[in-house]
Protein chains: 2
Amino acid sequence: MAPVRNGRHLFNEIPTGYPVPGKTTVYDGSETIDPDTVPLNGGFIVKTLALSIDPYMRGKMRDSSIKSYTPAYTLGQPLYNFGIGVVVRSDNSQFKAGQHVYGGTFPFQEYFVDTDAGKYRIIENKEGIPWSVYVGAAGMPGQTAYYAWKEYSNGKKGETAFVTSGAGSVGSFVVQLAKLDGLKVIASAGSDEKVEFLKSIGADVAFNYKTTSTSEVLEKEGGIDVYWDNVGGETLDAAIGAAHTNARFIECGMISGYNATEPYGVKNMMQVVSKQLKLYGFIVFALASKYQEEFYRLVPGMIARGELKYTEDVSVGLETVGEAILAVQNGTNKAKKVIKVADA
Amino acid sequence: MAPVRNGRHLFNEIPTGYPVPGKTTVYDGSETIDPDTVPLNGGFIVKTLALSIDPYMRGKMRDSSIKSYTPAYTLGQPLYNFGIGVVVRSDNSQFKAGQHVYGGTFPFQEYFVDTDAGKYRIIENKEGIPWSVYVGAAGMPGQTAYYAWKEYSNGKKGETAFVTSGAGSVGSFVVQLAKLDGLKVIASAGSDEKVEFLKSIGADVAFNYKTTSTSEVLEKEGGIDVYWDNVGGETLDAAIGAAHTNARFIECGMISGYNATEPYGVKNMMQVVSKQLKLYGFIVFALASKYQEEFYRLVPGMIARGELKYTEDVSVGLETVGEAILAVQNGTNKAKKVIKVADA
């Protein structure tokens with residue numbers, strides 16, 4: 001095989017506010033690779049099939065001197081995130097050519113060589129679901145929803161859950177888990193199309209937060225027992241205001257603040273005491289050891305049988321990464337955002 | 001026995017901002033009672049010995065149409081709170097004259113008749129500690145500290161706890177529980193005298209928050225793993241900012257907001273997610289069934305043996321209630337505030 005293009009998408013500049021496609025990150029199509037002959041040094045070469053675009057990536061676009069739970073991206077180097085690919089060649093006994101592997105540090109490039117097999121999980125996919133779903137409903141976003149709902153919701157039949165970013169990859173999974181546990185589900189999203197999707201997956205009350213007041217909906221529906229927070233800020237204030245005594249707040253993300261230059265001050269914190277609220281900030285990785293095997297044993301099958309529905313908003317090619325990142329930050333993505341890099 | 005004065009302290013007016021002695025609440029010495037002849041209707045008459053003054057009483061001085069976890073005081077009626085007294089006469093088989101009883105709804109008056117024995121607990125006091133301690137370290141404030149520290153702190157040797165209102169009845173107990181569990185303890189209070197007291201009960205680092213920056217102290221000491229919050233507001237922001245990953249926040253009270261007309265907006269909430277913080281709002285009564293008997297079995301003895309130290313700031317007479325309430329709200333009390341109503 002002759003050398004082929006090895007397109008990459010690079011971190012180019014630290015953004016202030018929203019990331020700018022072509023500026024914050026740039027596509028580079030100048031490199032080539034020969035997958036058949038590139039030295040493996042005891043490792044393996046992977047052809048990337050699909051990459052996930054997630055809200056938390058914004059937090060990695062920072063000065064590397066600022067500490068956080070996840071390392072900063074390196075300027076001039078490819079972005080990386082959850083991905084799935086196929087092993088082209090391998091000198092490592094753990095992987096064979098043709099096997100599919102999933103991992104959280106897939107570089108945003110068409111082919112890559114690695115020697116650390118421990119960073120990847122072999123995906124057999126006996127259920128035959130599309131490979132891209134392993135970076136969405138059957139990947140990190142689905143795990144985020146599944147692990148934390150099981151660990152923190154303590155949801156009981158007859159209670160009410162409120163799920164923000166309900167049409168996103170995490171939120172839509174949470175909506176369905178809450179329904180499976182017998183809760184009434186209120187869900188919000190940022191477009192009427194997403195609201196329709198929320199209804200189609202079983203949300204009892206779905207609304208467009210851009211055109212309807214969150215506080216008014218929560219009050220009209222009689223308050224909430226579980227809050228799944230993907231947005232923070234004013235919506236968190238509204239949820240605290242509408243919380244019943246002993247409500248559980250699953251603090252998964254606060255996208256309303258990721259691109260803000262001034263943090264929003266949450267005013268209702270005194271009610272955390274008076275209503276005996278519990279707030280659980282978490283990172284999916286911290287719960288993996290407890291729930292990961294159960295997840296892979298149960299969830300791909302539930303997806304294959306249609307018991308858990310998902311949607312994808314697919315962009316094709318690494319050139320589209322910048323726009324995809326921005327869409328996830330400003331909420332113009334239609335569903336779980338995936339970059340399809342290759343078909344097989 | 002001839003009729004004697006039955007002094008009372010009444011709720012007189014809903015305050016805006018801090019309560020005003022003689023206006024928000026007033027002393028009334030116009031009533032009399034004959035303890036020997038007053039009809040009991042199958043109940044019992046109690047002579048009040050000591051009453052507790054607590055921060056949360058401010059929340060009860062509101063319009064009764066506003067819901068909260070605790071009912072509003074009734075205008076024109078005596079205040080009520082935790083108290084201890086001695087049974088003078090009883091037509092109820094559960095209580096005998098001379099027994100001491102403790103309860104959470106002691107009216108602020110010298111004598112009272114009640115028929116509901118279920119509201120009171122007989123205190124035998126085999127340990128011989130002062131009766132007033134049963135409304136402080138061996139009463140609700142001590143229980144607040146004990147129950148929630150056991151339930152939520154998950155404190156481990158070598159970790160660091162930060163306790164606000166550290167010289168108060170709850171805080172000083174928490175400081176000592178944290179030390180017993182092997183933690184390094186940082187504690188704050190509002191006067192140099194209180195700071196000295198904090199050092200005397202074992203706080204490793206004690207500071208006056210009015211003259212020293214909380215954020216600077218927490219940063220210099222390397223951050224915190226457990227935060228005992230009695231104050232909320234800016235201090236909560238500082239604690240979130242200084243929290244280690246997986247820190248536990250025990251949300252006991254937010255006195256900085258009780259008398260504020262505009263709520264403080266907590267700006268660091270995004271770190272609840274990134275640092276995986278857990279915030280536990282609670283009310284002591286909700287944990288009583290789990291810890292109450294253990295508390296009464298262990299704590300009075302620990303106090304009697306000097307293993308748990310306490311201090312009291314005693315005012316004598318129901319006339320002093322208004323000033324005592326204000327002192328607890330603005331922090332000019334020196335220690336656990338107690339009204340001594342009678343010696344025996």
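Residues numbered from 1 in each chain as written. Chains lettered and ligands numbered in written order. Predicted model: local features only at pLDDT ≥ 70, side-chain atom pairs only at ≥ 80, totals over all residues. Heavy atoms only, no water.

Caption draft 1: Focus on the overall build of chain A. Counting its regular elements, chain A contains ten helices and 17 strands. Over its C-alpha trace chain A gives a radius of gyration of 21 Å, about what one expects of a compact globule, namely 20 Å for 344 residues. With the C-alpha coordinates of chain A rotated into their principal frame, the extents come out at 65 × 45 × 35 Å. Across chain A, contacts joining residues at least 24 apart in sequence account for 68% of those joining residues at least 6 apart. As presented, chain A carries roughly 14000 Å² of accessible surface, and 50% of it is formed by carbon and sulfur atoms. Between the centroid of the 34 positive side chains of chain A and the centroid of its 37 negative side chains there is a distance of 4 Å. (Helix = DSSP H or I, 4+ residues; strand = E, 2+ residues; numbered from the N terminus. Rg over C-alpha atoms; globule rule 2.2 N^0.38 Å. Contact = heavy atoms within 4.5 Å. Areas by Shrake-Rupley, 256 points an atom, 1.4 Å probe, with all protein chains shown as cover. Lys, Arg positive; Asp, Glu negative; His and termini not counted. Charge placed at Lys NZ, Arg CZ, Asp CG, Glu CD.)

Caption draft 2: Structural view of the pattern of salt bridges. In total, this model carries 34 salt bridges over all chains according to the counting rule given. Residue Arg305 of chain A is joined to Glu307 of chain A by a salt bridge in which the shortest nitrogen-to-oxygen separation is 2.7 Å. Using a relative accessible area of 56% as the deciding quantity, one classes Arg305 of chain A as exposed. Residue Glu307 of chain A is classed as partly exposed on the basis of its relative accessible area, which comes to 40%. A salt bridge links Glu151 of chain B to Lys290 of chain B, with the shortest nitrogen-to-oxygen separation between them at 2.8 Å. With a gap of 139 residues between them, Glu151 of chain B in helix 2 (residues 140–153) and Lys290 of chain B in helix 9 (residues 284–304) connect regions that are remote in the sequence. Overall, Glu151 of chain B belongs to the partly exposed group, its relative accessible area being 30%. Here Lys290 of chain B falls in the exposed class, since its relative accessible area comes to 53%. Each of Arg8, Asp28 and Glu31 of chain A takes part in a single network of salt bridges with overlapping partners. (Salt bridge = Lys/Arg side-chain N within 4 Å of Asp/Glu carboxyl O. Buried < 20%, exposed > 50% of the residue type's maximum accessible area, 1.4 Å probe, protein only.)

Caption draft 3: Representation of empty space enclosed by the protein. Residue and element names in this part refer to chain B. Applying the stated criterion across every chain yields a total of two cavities of 30 Å³ or more. As a volume, the largest cavity reaches approximately 110 Å³. If you go around the largest cavity, you meet 17 residues; those closest to its centre are Ala137, Ser169, Ser172, Tyr310 and Thr311. Considering every element that reaches the lining of the largest cavity, the biggest residue donor is helix 3 (residues 169–180), with four residues. Its residues assigned to classes, the lining of the largest cavity comprises seven nonpolar, seven polar and three charged. (1 Å grid on protein atoms, 1.4 Å probe; cavity = no way out; pocket = protein on both sides within 12 Å on 5 of 7 lines; lining within 4 Å. Points joined across faces, edges and corners; volume = space filled by probe spheres on them. Nonpolar A, V, L, I, M, F, W, Y, C, P; charged D, E, K, R; others polar.)

Caption draft 4: Focus on the UniProt feature "domain: Enoyl reductase (ER)" (unreviewed entry) in chain A. When the UniProt feature table is mapped onto this chain, "domain: Enoyl reductase (ER)" (unreviewed entry) is found at residues 29–339 of chain A. Within residues 29–339 of chain A, the helical portion is 31% and the strand portion 25%, while the C-alpha atoms at the span's ends are 16 Å from each other. (UniProt positions renumbered as here; feature names shortened; annotations may be inferred.)

Caption draft 5: Layout of the relation of the copies chain B and chain A. The two copies are related by a screw operation: chain B maps onto chain A through 180 degrees of rotation and 0.0 Å of translation along the axis, at an RMSD of 0.0 Å. The operation mapping one copy onto its partner corresponds to a two-fold rotation axis. Of every C-alpha in chain B, the one belonging to Gly265 of chain B sits nearest the axis of rotation, 1.8 Å from it. Residue by residue, 100% of the interface of chain B is reproduced at the interface of chain A, so both copies engage with the same surface. (Least-squares fit on C-alpha atoms with pLDDT ≥ 70 in both.)

Caption draft 6: Expanded view of the domain arrangement of chain A. Residues and elements named next belong to chain A. Each assigned domain of chain A is listed here: domain 1 (4–136 + 311–340) and domain 2 (142–285). A straight line from the C-alpha centre of domain 1 to that of domain 2 covers 29 Å. Contact residues are listed per partner, giving 17 residues for domain 1 and twelve residues for domain 2. Overall, the association of domain 1 and domain 2 removes approximately 1200 Å² of surface from exposure, summing both partners, and the carbon and sulfur fraction of that is 55%. (Domains from an automatic or database assignment. Buried area = accessible area lost by both parts, 1.4 Å probe.)

Caption draft 7: Inspection of the nonpolar core at higher detail. Counting residues in hydrophobic clusters, the biggest one holds 158 residues, and the most contacted among them are Trp149 and Trp228 of chain A together with Trp149 and Trp228 of chain B. Apart from residues no more than four positions distant in its own chain, Trp149 of chain A is found in contact with Asn154, Ala161, Val174, Leu177, Ala178, Asp181, Leu183, Val226, Trp228 and Ile250 of chain A. Core analysis: the next-biggest nonpolar cluster, separate from the first, contains 48 residues, Phe162, Met269 and Leu279 of chain A together with Phe249 of chain B among them. (Core = buried A, V, L, I, M, F, W, Y, C linked by side-chain atoms within 4.5 Å.)

Caption draft 8: Up close: the side chain of Lys337 of chain A. Residue and element names in this part refer to chain A. Structurally, the position occupied by Lys337 is in strand 17 (residues 336–340). Look at Lys337 and you get buried, because its relative accessible area is 8%. A polar side-chain atom of Lys337 sits 2.9 Å from a polar atom in the side chain of Asp313. Among the polar contacts listed, one links the side chain of Lys337 to the side chain of Ser315, at a separation of 2.8 Å. Not counting residues within four places of it along the chain, the set of residues in contact with Lys337 comprises Leu51, Ser52, Ile53, Asp313, Val314, Ser315, Ala324 and Val328. (Polar contact = N/O pair within 3.5 Å; in protein donor to acceptor, adjacent residues only side chain to side chain.)

Caption draft 9: Seen up close, the packing of helix 2 of chain B against helix 3 of chain B. Residues and elements named next belong to chain B. Closest axis-to-axis distance for the helix 2/helix 3 pair is 8 Å, and the angle between their directions is 40 degrees. Regarding the angle of helix 2 to helix 3, the classification is oblique. Handedness of the crossing formed by helix 2 with helix 3: right-handed. Here Pro141, Gly142, Thr144, Ala145, Tyr146 and Trp149 of helix 2 lie close against helix 3, whose contacting residues are Ser169, Val170, Phe173, Val174, Leu177 and Ala178. (Axes fitted to C-alpha atoms, helices over the stretch in contact; angles between N-to-C directions. Parallel < 35°, antiparallel > 145°, perpendicular 65-115°, else oblique. Left-handed = near helix turned anticlockwise from the far one by under 90°.)

Caption draft 10: Broad picture of the sheet that holds strand 14 (residues 243–251) of chain B. Taken in spatial order, the twelve strands make up an open sheet running 12(A)-11(A)-10(A)-13(A)-14(A)-15(A)-15(B)-14(B)-13(B)-10(B)-11(B)-12(B), and their pairing is mixed. Of all the strands in the sheet, just strand 12 (205–208) of chain A together with strand 12 (205–208) of chain B have a single pairing partner and so form its edges. Sheet twist, expressed as the average angle between the axes of neighbouring strands with direction ignored, equals 15 degrees. Where strand 10 (residues 160–163) of chain A and strand 13 (residues 224–229) of chain A come together, three bridges link them in parallel fashion. Of the residues in strand 13 of chain A, the one forming a bridge with Phe162 of chain A is Tyr227 of chain A. The sheet contacts of helix 6 (residues 233–242) of chain A involve strand 10, strand 13 and strand 14 (243–251) of chain A, and relative to strand 14 of chain A the element is tilted by about 150 degrees. (Pairing = 2+ DSSP bridges.)

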